[in-house]
There are 2 protein chains.
Amino acid sequence: MASLLRATATWGLFPWRGYCSRQGKLSKDFVEALKAVVGNPHVSTAAAVLQQHGHDESIHRCQPPDAVVWPQNVEQVSRLAALCYNQGVPIIPFGTGTGLEGGVCAVQGGVCINLTHMDRILELNAEDFSVVVEPGVTRKALNTYLRASGLWFPVDPGADASLCGMAATGASGTNAVRYGTVRDNVLNLEVVLPGGELLHTAGQGRHFRKSAAGYNLTGLFVGSEGTLGLITAATLRLHPVPEATVAATCAFPSVQAAVDTTVNILQAAVPVARIEFLDEVMIDACNRHSNLNCTVAPTLFLEFHGSKQALAEQLQRAEEITQYNGALNFSWAKEAEERNQLWAARHNAWYAALALRPGCKGYATDVCVPISRLPEILVQTKEDLQASGLTGTMVGHVGDGNFHCVLVVDPEDAEELRRAEAFAYQLGRRALALHGTCTGEHGIGLGKRKLLQEEVGAVGIEIMRQLKATLDPRGLMNPSKVL
Amino acid sequence: MASLLRATATWGLFPWRGYCSRQGKLSKDFVEALKAVVGNPHVSTAAAVLQQHGHDESIHRCQPPDAVVWPQNVEQVSRLAALCYNQGVPIIPFGTGTGLEGGVCAVQGGVCINLTHMDRILELNAEDFSVVVEPGVTRKALNTYLRASGLWFPVDPGADASLCGMAATGASGTNAVRYGTVRDNVLNLEVVLPGGELLHTAGQGRHFRKSAAGYNLTGLFVGSEGTLGLITAATLRLHPVPEATVAATCAFPSVQAAVDTTVNILQAAVPVARIEFLDEVMIDACNRHSNLNCTVAPTLFLEFHGSKQALAEQLQRAEEITQYNGALNFSWAKEAEERNQLWAARHNAWYAALALRPGCKGYATDVCVPISRLPEILVQTKEDLQASGLTGTMVGHVGDGNFHCVLVVDPEDAEELRRAEAFAYQLGRRALALHGTCTGEHGIGLGKRKLLQEEVGAVGIEIMRQLKATLDPRGLMNPSKVL
């Protein structure tokens with residue numbers, strides 16, 4: 001236990017024991033004041049509800065808020081923020097709860113503002129390739145809505161996350177190599193600032209494609225993880241649905257061959273839409289969990305978007321490159337059903353990994369390095385994983401240099417948790433040493449604050465602290481996250 | 001004269017008369033201290049040099065600094081910043097001086113830091129598609145350097161601007177529709193903060209493609225127009241040189257037909273690399289100035305990048321769309337020479353416009369609107385231009401919804417300047433009314449501060465002011481710009 005506490009003190013990745021800085025319950029009067037804003041049925045202090053809102057999908061220990069409220073509109077969010085802020089009560093924004101870095105844990109208690117009741121699609125400007133969504137609209141809901149328009153929102157982190165939550169996290173996923181991350185696809189944000197004021201980061205109602213007008217406030221709030229304000233609407237950039245789509249899988253004799261293939265495809269300017277790496281453990285888990293029949297070897301899942309004619313050429317080039325790099329096999333999935341099965345398997349990789357040890361919980365690392373450094377860090381990480389004795393698989397958005405180890409650990413086994421934490425921290429430091437980042441798309445949340453300091457250095461952290469202090473002088477917006 | 005002063009007080013676009021807030025000359029001791037940092041030959045207080053550094057390429061009145069210094073390395077920049085800041089002396093960063101919004105005018109005097117002597121390409125990571133450049137490296141110098149690598153930096157504002165200056169401005173240009181703006185292509189910045197401290201916005205040496213680590217400091221400094229710090233190095237994202245390139249010109253019977261064509265091409269997901277609009281006045285000027293032989297009508301210049309096979313398909317689709325929209329003619333420029341002549345003409349459009357009235361100066365407006373609103377604003381603007389009696393042409397990066405009126409005015413004619421100012425302000429407000437921005441790529445500089453307030457609203461301006469005050473508490477970094 002002594003070594004565990006020491007480890008926690010050093011890395012702080014999973015503060016799952018001996019950690020309590022709760023400020024205590026809310027007064028009855030304060031809860032009544034919340035009810036006066038949103039109405040009785042939209043406030044809860046029931047233990048089960050608080051528990052449900054105190055954690056995300058990660059291993060981070062549940063830290064419940066003192067109350068959960070469901071505002072119905074932005075005016076209510078604004079009044080809630082003002083109320084909480086004036087009373088010194090922490091505010092924690094909550095979307096779908098599908099985060100992976102403990103971003104919703106109520107470390108200091110406070111009021112969780114669940115934004116899922118605000119789920120309207122406010123405005124579609126098809127000719128301008130843009131849409132405005134409230135924070136309860138999820139990625140899949142938006143794409144279902146868009147079906148008839150010939151447009152789609154391509155940023156796809158796997159989970160059916162809320163789009164504003166994705167903006168808050170700086171999410172990306174499998175399509176980023178072609179369409180960019182959420183950062184590249186947010187045109188404007190409506191934000192309730194900590195004191196309740198309403199900010200439109202690019203000006204109210206604006207949805208231009210580019211601007212050089214003043215400081216980039218949109219960029220500042222994307223990825224701020226709820227620590228600067230509550231995102232109550234997002235204007236997103238849409239893309240035309242590709243005329244045709246083809247997917248493929250390809251197994252390789254080594255990690256190096258799979259990564260070399262990725263670099264060659266990018267260098268050849270083949271406009272690949274997705275290029276995903278899965279190690280042999282992950283492939284094996286997917287074969288079992290999702291009924292695939294893939295060769296158990298380091299593998300790339302690829303997808304190409306374009307006109308039928310353009311696709312034929314992309315396919316040919318990609319296949320040539322895989323062969324040049326010694327691919328073991330190559331298999332196209334031209335039909336939608338087959339393709340959907342493949343990507344469902346990739347998106348269910350998290351659950352496939354969890355199925356390796358029923359009853360255990362998952363933790364996904366999230367480093368991102370310059371592509372040229374991918375082979376060495378993947379090989380080193382594989383060795384570290386074996387040396388650690390942990391159960392883990394590797395998947396990656398290799399076109400971006402981003403990969404995840406999905407560690408499957410027993411949350412009741414303190415020693416195993418310690419090993420998982422040590423492994424994740426070591427991997428983060430490896431990535432930093434290779435000019436990479438400790439998080440490509442999951443955010444800093446609770447567990448990577450120490451790594452963030454190493455990543456951006458003392459001056460960078462100081463500037464971030466100053467920005468936080470400027471926008472949230474009382475430190476009440478999602479406290480203890482990021483910094 | 002009274003009406004002129006009133007106009008200036010209202011709009012503040014061209015503060016060319018009765019405007020002086022200079023703080024007076026620098027002391028001899030201070031100039032000696034500057035020399036002690038950079039060496040005697042690298043400091044100048046000669047009137048001609050000061051004049052040369054007091055203006056950019058726009059109509060904004062020359063406002064010379066009190067001294068110009070040429071640091072040779074980042075340590076010197078840091079010492080200069082600390083020296084000036086501690087003594088309360090304004091600091092104005094200077095690159096190639098090719099800005100269009102008076103961003104280098106020394107409104108309060110001070111020290112102009114000319115960064116062009118720092119012109120090394122520090123690091124090329126070809127496999128990672130990234131490069132690190134000092135602030136004196138221009139766009140063309142970089143692309144010349146990259147020639148053998150198979151990579152290029154596509155952001156192209158026309159002028160051979162310094163890349164760090166482009167980052168400071170939030171520049172874009174003709175390729176943005178395909179490759180994004182400079183904002184999308186900066187991975188990391190080295191910044192000397194006002195007090196002399198050195199910040200690496202994404203952490204020192206890092207050049208990953210994406211990250212979710214903390215607040216987006218890179219995004220905050222891109223487009224900050226030298227008001228938050230001095231950019232002393234930029235890590236840029238590179239792209240593979242396209243296998244083949246084809247350009248085309250196409251004349252239309254109306255502005256509406258040209259814009260409809262643009263929207264249709266984007267909707268069809270044809271990956272057009274450039275799509276530029278020129279009105280008939282601009283085409284006429286280009287025909288004369290650049291020896292083109294284009295039909296005098298609203299025209300699109302297009303360019304496509306890709307493999308030969310992919311190009312053939314893109315060309316065919318684009319041509320079909322232009323015909324569908326009633327194009328008057330369509331002409332391919334497949335050979336490099338012909339293509340280069342076309343783009344040289346487009347990039348020299350500024351000078352072609354100036355040649356319409358020898359001895360006059362140019363001012364380019366820079367609004368950007370949602371694409372669907374382009375036809376109406378282009379038609380309205382054409383009417384406004386005719387009503388104003390001003391000489392002006394229109395060119396636009398219509399794929400982004402961004403267009404420029406190049407006004408050619410006599411700087412000695414106060415009444416004409418007033419009309420130009422009124423026209424530019426009216427156009428800015430038209431764009432804002434259509435959910436657009438007053439500046440797509442030139443920045444706010446001196447002339448659009450009033451429009452910025454209207455664009456982002458009171459809360460947006462207040463947040464920007466707070467950010468400025470946080471990073472530059474003494475208000476000495478390029479004062480009177482942006483805010």
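Residues numbered from 1 in each chain as written. Chains lettered and ligands numbered in written order. Predicted model: local features only at pLDDT ≥ 70, side-chain atom pairs only at ≥ 80, totals over all residues. Heavy atoms only, no water.

## A few points about the domain arrangement of chain A
Residue and element names in this part refer to chain A.
No. 1: The domains assigned to chain A are domain 1 (28-114), domain 2 (121-240) and domain 3 (244-434).
No. 2: For domain 1 versus domain 3, the distance between C-alpha centres works out to 36 Å.
No. 3: In this complex, domain 1 contributes six residues to the contact, which on the side of domain 3 involves eight residues.
No. 4: When domain 1 packs against domain 3, close to 600 Å² is buried across both sides, 57% of that on carbon and sulfur atoms. (Domains from an automatic or database assignment. Contact = heavy atoms within 4.5 Å. Buried area = accessible area lost by both parts, 1.4 Å probe.)

## A word on the relation of the copies chain A and chain B
No. 1: Rotating chain A by 180° and moving it 0.0 Å along the rotation axis overlays it on chain B with an RMSD of 0.0 Å. This pairing of chains is accounted for by a two-fold axis.
No. 2: Here 100% of the contact residues of chain A are again contact residues in chain B; the copies associate through an equivalent surface. (Least-squares fit on C-alpha atoms with pLDDT ≥ 70 in both.)

## Overview of the UniProt feature "domain: FAD-binding PCMH-type" (unreviewed entry) in chain A
No. 1: Per the UniProt annotation, the sites labelled "domain: FAD-binding PCMH-type" (unreviewed entry) are residues 61-241 of chain A.
No. 2: Within residues 61-241 of chain A, the helical portion is 20% and the strand portion 23%, while the C-alpha atoms at the span's ends are 40 Å from each other. (UniProt positions renumbered as here; feature names shortened; annotations may be inferred. Helix = DSSP H or I, 4+ residues; strand = E, 2+ residues; numbered from the N terminus.)

## What to know about the pairing of strand β5 (residues 121-125) of chain B
Residues and elements named next belong to chain B.
No. 1: Relative to strand β6 (residues 130-133), β5 runs antiparallel, the two sharing four bridges. Within the sheet, the bridge partner assigned to Glu-123 lies in β6 and is Val-132.
No. 2: Linking two consecutive strands that pair antiparallel, namely β5 and β6, is a turn of four residues; a positive phi of about 60° is found at Phe-129 within it. (Pairing = 2+ DSSP bridges.)

## Section: the interface of chain A and chain B
No. 1: Facing the 83 residues of chain A at the interface are 83 residues of chain B.
No. 2: In total, chain A and chain B occlude about 6,700 Å² of area from one another, counting both sides; carbon and sulfur atoms represent 58% of this.
No. 3: Contact with chain B buries surface across chain A, with Arg-206, Lys-210 and Tyr-215 of chain A losing the most and accounting together for 14% of the total.
No. 4: Scanning the region where chain A abuts chain B turns up eight salt bridges.
No. 5: Among the ionic pairs, Lys-210 of chain B bridges to Glu-441 of chain A, the shortest N-O distance being 3.0 Å.
No. 6: If you look at where chain A meets chain B, you find 36 residue pairs in polar contact (both at pLDDT 80 or more). (Salt bridge = Lys/Arg side-chain N within 4 Å of Asp/Glu carboxyl O. Polar contact = N/O pair within 3.5 Å; in protein donor to acceptor, adjacent residues only side chain to side chain.)

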